[in-house]
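Residue-level structural notes
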Number of protein chains: 2
Amino acid sequence: MDAMVDLYPSRQEPTPSILPRRDPVVYGGAVHAEGLLPETLDQYQRDGYLSFDSFLNRESLTAIAADMERLRNEAEPDDPAVVREPGGDVVRSIFEVHRRSALVARLIRDPRLLEPVRQILGGPVYVHQSRINFKTGFDGAPFYWHSDFETWHVEDGMPRMRAVSVQITLSENTPLNGPLMLVPGSHLHYVACVGETPEDHYKTSLRQQDYGVPDRTSLGLLVERAGRIASPTGPGGAMVLFDCNTLHGSNSNITPLPRTNLFIVFNSVENRLVAPFGGTRPRPDFIAAREVVPL
Amino acid sequence: MDAMVDLYPSRQEPTPSILPRRDPVVYGGAVHAEGLLPETLDQYQRDGYLSFDSFLNRESLTAIAADMERLRNEAEPDDPAVVREPGGDVVRSIFEVHRRSALVARLIRDPRLLEPVRQILGGPVYVHQSRINFKTGFDGAPFYWHSDFETWHVEDGMPRMRAVSVQITLSENTPLNGPLMLVPGSHLHYVACVGETPEDHYKTSLRQQDYGVPDRTSLGLLVERAGRIASPTGPGGAMVLFDCNTLHGSNSNITPLPRTNLFIVFNSVENRLVAPFGGTRPRPDFIAAREVVPL
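Below, the structure is looked at part by part. (Residues numbered from 1 in each chain as written. Chains lettered and ligands numbered in written order. Predicted model: local features only at pLDDT ≥ 70, side-chain atom pairs only at ≥ 80, totals over all residues. Heavy atoms only, no water.)

1. Considering the relation of the copies chain B and chain A
Mapping chain B onto chain A calls for a screw motion: a turn of 180 degrees about the axis and a shift of 0.0 Å along it, with 0.0 Å RMSD after fitting. Both copies are brought into coincidence by an operation consistent with a two-fold rotation axis. Taken as a fraction of all interface residues of chain B, those also at the interface in chain A reach 100%, which identifies the copy contact as same-surface. (Least-squares fit on C-alpha atoms with pLDDT ≥ 70 in both. Contact = heavy atoms within 4.5 Å.)

2. Side note on the pairing of strand S4 (residues 91-95) of chain A
All names here are of chain A. Among the 5 residues of S4, 5 are classified as buried, and the element is accordingly described as predominantly covered. In the sheet, strand S3 (residues 82-84) pairs with S4 via 3 bridges, with the strands oriented antiparallel. The partner of valine 83 across the bridge, within S4, is serine 93. Two strands pair when backbone bridges link them, and S4 and strand S5 (residues 125-135) are joined in this way by 3 bridges, in the antiparallel orientation. The residue of S5 that forms the bridge with phenylalanine 95 is arginine 131. (Buried < 20%, exposed > 50% of the residue type's maximum accessible area, 1.4 Å probe, protein only. Helix = DSSP H or I, 4+ residues; strand = E, 2+ residues; numbered from the N terminus. Pairing = 2+ DSSP bridges.)

3. A look at the environment of B:Val91
Residues and elements named next belong to chain B. By the element assignment, valine 91 lies in strand S4 (residues 91-95). Looking at valine 91, the relative accessible area reads 7%, which means it is buried. For the pair valine 91 and arginine 72, spaced 19 residues apart in sequence, the C-alpha separation works out to 7.0 Å. Setting aside residues no more than four positions away along its own chain, valine 91 makes contact with Arg72, Ala75, Val82, Val83, Arg84, Phe134 and Thr136.

4. What about the sheet that holds strand S11 (residues 248-250) of chain A?
All names here are of chain A. As summarised here, the arrangement of the 3 strands in space is S6-S11-S8, forming an open sheet in which the pairing is antiparallel. Every other strand in the sheet has two partners, leaving strand S6 (143-146) and strand S8 (181-182) as the edge strands with one partner each. Two strands pair when backbone bridges link them, and S6 and S11 are joined in this way by 2 bridges, in the antiparallel orientation. By the bridge assignment, phenylalanine 143 is partnered in S11 with serine 250.

5. A look at the interface of chain B and chain A
Counting residues at the interface gives 25 residues for chain B, matched by 25 residues for chain A. Regarding the contact of chain B and chain A, the summed buried area is about 1900 Å², with carbon and sulfur atoms giving 70% of it. Taken as a group, B:Phe138, B:Leu176 and B:Ile254 account for 36% of the area that chain B buries against chain A, more than any other trio of residues on that side. Between chain B and chain A we count 2 salt bridges in total. Taking the shortest distance from any N to any O, the salt bridge between B:Asp139 and A:Arg216 comes out at 3.3 Å. Run the count over chain B and chain A and you get 11 residue pairs in polar contact (both at pLDDT 80 or more). Elements that contribute at least two residues to the side of chain B that touches chain A include exactly strand S6 (143-146), helix H8 (216-226) and strand S11 (248-250) of chain B. Ranked by residues supplied to the side of chain B that touches chain A, first place goes to H8(B) with 4 residues. (Buried area = accessible area lost by both parts, 1.4 Å probe. Salt bridge = Lys/Arg side-chain N within 4 Å of Asp/Glu carboxyl O. Polar contact = N/O pair within 3.5 Å; in protein donor to acceptor, adjacent residues only side chain to side chain.)

6. Notes on the packing of aromatic side chains
Residues and elements named next belong to chain A. This model, assessed by the stated rule, comprises 10 aromatic pairs over all chains. Centre to centre, the rings of tyrosine 8 and phenylalanine 149 are 5.2 Å apart; their planes meet at 85 degrees, and the pair counts as edge-to-face. Linking tyrosine 8 in the segment before strand S1 (17-20) with phenylalanine 149 in helix H6 (residues 148-156), this pair joins segments that are 141 residues apart in sequence. According to the relative accessible area criterion, tyrosine 8 is buried, its value standing at 0%. A relative accessible area of 0% means that phenylalanine 149 is categorised as buried. In textbook terms, an aromatic cluster arises when at least three aromatic residues are bridged by ring pairs, as seen for Tyr8, Phe149 and Tyr190. When the ring centre of phenylalanine 55 is taken as origin, the NZ or CZ atom of arginine 112, which lies over that ring, is 4.2 Å away. (Phe/Tyr/Trp six-rings, centres within 6.5 Å; stacked < 30°, edge-to-face > 60°. Lys NZ or Arg CZ within 6 Å of the ring centre and 35° of its normal.)

7. Details of the side chain of B:Gln129
Residues and elements named next belong to chain B. Tracing the backbone shows glutamine 129 in strand S5 (residues 125-135). Classification of glutamine 129 as buried rests on a relative accessible area of 3%. Here arginine 131 takes part through its side chain, which lies 3.1 Å from a polar atom of the side chain of glutamine 129. Within the local environment of glutamine 129, its side chain forms a polar contact with the backbone oxygen of isoleucine 287, the two atoms lying 2.9 Å apart. Dropping the residues within four chain positions of it, glutamine 129 is found in contact with Phe95, Trp152, Phe263, Ile264, Val265, Phe286 and Ile287.

8. Overview of helix H6 (residues 148-156) of chain B
Every α-helix winds through 3.6 residues per turn, so residues three or four apart in the chain are directed the same way. All names here are of chain B. Burial analysis of H6 places 9 of its 9 residues in the buried class, which makes it a mostly covered element. Taken together, the buried positions of H6 are occupied by Asp148, Phe149, Glu150, Thr151, Trp152, His153, Val154, Glu155 and Asp156. One side-chain oxygen at the N-terminal end of H6 lies 3.2 Å from the backbone nitrogen of phenylalanine 149; it belongs to serine 147. Backbone geometry just after H6 places glycine 157 at a positive phi near 80 degrees.

Printed below as a string of structure tokens:
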């Protein structure tokens with residue numbers, strides 16, 4: 001394969017800029033019975049996310065949460081797919097949960113989840129990344145604003161914006177325990193960031209991000225344009241679908257109430273990874289699957 | 001004066017404990033026309049805080065906010081009463097604003113504020129501390145849970161629980177921009193903390209607290225007992241009165257929306273400071289007034 005043109009250059013220029021999105025948001029295609037209504041797709045096209053309460057029933061929620069707890073308890077100290085809080089041993093994230101948990105493996109094939117994703121991305125998909133994020137009570141650190149796509153493009157070689165992230169909440173998300181925040185409409189713009197990426201950046205970036213950080217002027221403009229910050233909250237079992245380029249982040253959690261969210265990224269099989277556009281070594285497979293296994 | 005008995009020992013034992021409050025919450029006394037209703041006082045007695053929307057009118061709000069902005073712009077790099085964000089030059093707090101701003105000096109004498117405070121504390125009061133907290137957008141750091149009284153007792157020598165803190169919001173406080181959070185009812189308990197206080201602790205503690213930090217078990221118990229975390233939000237100009245021993249804190253603010261709050265502490269003239277109960281040197285006057293000037 002020839003070297004690909006970089007449609008979304010980032011971390012290359014000394015000043016940040018906002019570039020237009022050059023890909024569809026909704027690719028469209030055959031609609032299954034579990035697919036989304038046209039007006040729901042329009043909403044996704046406009047806002048870059050969709051939120052669904054009560055996606056999991058009480059029984060599934062309890063079972064999956066217990067299984068994630070098991071993974072946390074079994075986490076080996078030297079497992080590279082286990083990320084800990086800055087300055088501590090508290091487990092913050094575990095990757096590849098769809099391979100470690102039979103329940104998650106089944107969940108990602110649930111048509112109520114998979115069909116909307118296929119519909120948005122216009123065909124077959126595979127899991128690019130999956131993880132469980134434990135934002136523990138008392139000391140859950142913030143995740144600063146970012147576009148996942150920017151990182152996946154620069155550090156993993158994802159060519160186009162043709163991926164959807166799915167968050168499933170496993171505990172109550174309140175406005176005060178560091179819920180996911182999204183900037184509606186930000187997915188239509190690409191914030192090119194400054195700063196070169198060091199090798200093996202992922203070893204620290206999963207704890208605290210220093211590169212691929214959008215500048216404040218761009219963030220301020222996009223929030224102002226949106227007129228709001230979206231932050232779906234409610235009991236565990238809710239689902240949020242969001243575009244790979246939607247700016248999102250979360251505040252710290254000093255409340256005693258832990259916030260545990262499952263996170264699965266589906267990528268189109270037409271959008272398989274190439275060499276990272278930032279020129280660094282590809283990150284490990286548990287962060288960015290290089291093998292395409294259509295679901 | 002004889003050495004005082006320490007009713008609220010803290011930072012002395014190797015394990016934390018919860019001690020009972022040994023002072024009234026509402027001291028009571030003569031009621032002025034601007035005083036609080038009996039049922040409102042009952043609520044304060046029970047919850048340890050009261051919240052009032054629209055305390056400042058639009059005109060006063062704008063004028064005071066502009067005056068605080070002036071103080072921020074005029075802040076000298078070597079002014080000890082100016083505290084900056086951890087790892088940066090961004091101004092986080094400025095102390096003694098009631099001496100630096102004629103508008104704040106007038107505000108603290110406003111009977112709508114002063115009379116309820118006098119009524120709660122049972123007589124004349126003076127300003128123990130005043131400050132403006134700028135929780136800037138994008139990088140406002142969290143304030144971890146704490147009882148102000150614990151610190152004022154150990155580090156400043158405040159003998160009894162007979163002080164009221166007043167927060168006046170100068171910008172919109174939303175659930176997502178790091179608003180004040182309070183644990184209702186926590187003022188009735190005293191969480192004795194562990195760890196000895198180093199000399200000149202205040203030079204770092206105003207940026208990030210390492211001593212006088214309540215343990216997680218006690219915090220968890222008190223939040224569970226409360227059944228909720230209170231977090232008054234809304235447009236600027238709102239007022240919260242809270243007891244000196246009410247546990248409170250706030251999360252980070254990664255939103256672009258700054259959160260600017262004025263903070264004034266009134267202490268009873270019967271409760272003037274003595275030697276710090278922790279045995280360290282008293283902190284500077286701009287943090288803890290040692291001269292009593294009744295209002």
